[in-house]
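Now for the letters of each chain:
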Amino acid sequence: MYKSVDFSKFSSIKVGSKVDVAILKDCDFNYKEYYLLGGCNNVLVGNNPPKLMMLDKKFNYIKVENNLLKVGGATPSGRVFSFCKKHNIANFEFLAHLPGKMGGVVFMNAGLKEFEVFDNLVEVTTCKNVLQKKDIDFGYRYTNILEPILEVAFELEEGFSEDKVTMFKKLRANQPSTPSAGSCFKNPKNDYAGRLIEAVGLKGFRVGAMEFSKQHANFLVNYGGGSFEDAIFLIEEAKKRVLKQFNIKLECEIKILEKGKI
């Protein structure tokens, strides 16, 4: 089964064209030939992307079972936040400002500052097996999970904190509301990508409708009708300037989905 997706509307950065995307309903599907999309909040889809797929909506669920919070891979992070708030469950307050589907959130070990989704993770169910946390190699915005994530399970702890919600909201206050794909680059060790981009003169630098935000330089924003080519130009320009001036290789946090660029 396939679904036509217009990425200029569906992706958070509002860049891309219409593409037929496969829907993964079960693991009998030849999924290894496809790139699995989540909520398209940290992707930049090109004009010639690889084969793409999404999880079926049957993987959008939340349940409490065996004293674990179990969440389907297609469940929006905002839905998990609302569930935890309603049922007084702690440690998921940061999800209020972390858009995406939970499979993608876990796959990239997303988080805010020192808080990461792996902090309370117990196990991950993939098309191949059930992985315990101790069996997964993970770090800053990274995991070695290679199979589609169908379900994730977390420790249950009481005590939803409105103070944490307020704190996370303040942490996000300097981030632009203009369409973007979130942080463009991972922060290098002991430094910040936004600081480096600003230092090389690219904060507020614009090509076409794409710009490194004046509000936060590590956000590549789209002011309307921005193109993939202009986005790539800015990404490559930032890498080149930062390498030349600081001898630091910036690594994309955005996933670039274009044949030859993955």
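Our subject is the structure that appears above.
About the cut-offs
Residues numbered from 1 in each chain as written. Predicted model: local features only at pLDDT ≥ 70, side-chain atom pairs only at ≥ 80, totals over all residues. Heavy atoms only, no water. Pairing = 2+ DSSP bridges. Helix = DSSP H or I, 4+ residues; strand = E, 2+ residues; numbered from the N terminus. Buried < 20%, exposed > 50% of the residue type's maximum accessible area, 1.4 Å probe, protein only. Arc of directions from axis to C-beta. Contact = heavy atoms within 4.5 Å. Phe/Tyr/Trp six-rings, centres within 6.5 Å; stacked < 30°, edge-to-face > 60°. Lys NZ or Arg CZ within 6 Å of the ring centre and 35° of its normal.

**Student:** What should I look at first to understand the sheet that holds strand β18 (residues 219–222) in this one?
**Tutor:** Each strand in a sheet pairs with another by means of backbone hydrogen bonds, the pair being arranged parallel or else antiparallel. The strand order across the open sheet built from 4 strands is β15-β18-β17-β16, with neighbouring strands paired in antiparallel fashion. Whereas interior strands pair on both sides, the edge strands pair on one side only; in this sheet they are β15 (180–183) and β16 (206–207). Two strands pair when backbone bridges link them, and β16 and strand β17 (residues 210–212) are joined in this way by 2 bridges, in the antiparallel orientation. If you follow Arg206 over to β17, its bridge partner there is Glu211.

**Student:** How should I be thinking about helix α2 (residues 77–86) in this particular structure?
**Tutor:** An α-helical turn contains 3.6 residues, so any two residues separated by three or four positions project in the same direction. Turning to α2, its buried residues number three or more, namely Ser77, Val80, Phe81, Phe83 and Cys84. Looking straight down α2, one finds its buried side chains confined to an arc of 165°; they lie on one side. Against β6 (62–65), β7 (68–72), α3 (102–107) and α4 (162–171) lie the buried residues of α2. The first or second residue beyond α2 is Asn88, which carries a positive phi of 55°.

**Student:** When you look at the packing of aromatic side chains in this model, what are you seeing that I'm missing?
**Tutor:** Each aromatic ring pair is summarised here by two numbers: the centre-to-centre distance and the angle between the ring planes. Under the defined criterion, the tally for this structure stands at 7 aromatic pairs. The interplanar angle of 75° and the centroid separation of 6.3 Å between the aromatic rings of Phe7 and Phe10 together place this pair among those described as edge-to-face. Residue Phe7 and its partner Phe10 are both found in helix α1 (residues 7–10); the two are separated by 3 residues, about one turn of the helix. When the ring of Phe118 is compared with that of Phe138, the centres are 4.3 Å apart and the planes differ by 25°; the resulting orientation is stacked. One end of the pair, Phe118, is in the loop between β9 (115–116) and β10 (121–126); the other, Phe138, is in strand β12 (residues 138–139), and 20 residues separate them in sequence. By relative accessible area, which is 33% here, Phe138 ends up partly exposed. One aromatic cluster is present, formed by Phe94, Phe115 and Phe168 through successive ring pairs. Above the face of the Phe246 ring, Arg195 is positioned so that its terminal group lies 5.4 Å from the ring centre. Here the basic side chain of Arg241 rests over the ring of Phe205, its NZ or CZ set 5.4 Å away from the ring centre.

**Student:** Would you mind going over the pairing of β10 with me for this structure?
**Tutor:** In summary, the side chains of a regular strand alternate between the two faces of the sheet. Strand direction decides the pairing type here: β10 and strand β14 (residues 149–155), joined by 5 bridges, are antiparallel. Its bridge partner lying in β14, Thr126 is registered against Ile149. Here β10 runs beside strand β11 (residues 130–132); their pairing, made up of 3 bridges, is antiparallel. Pairing of Val124 across the sheet is with Leu131, part of β11.

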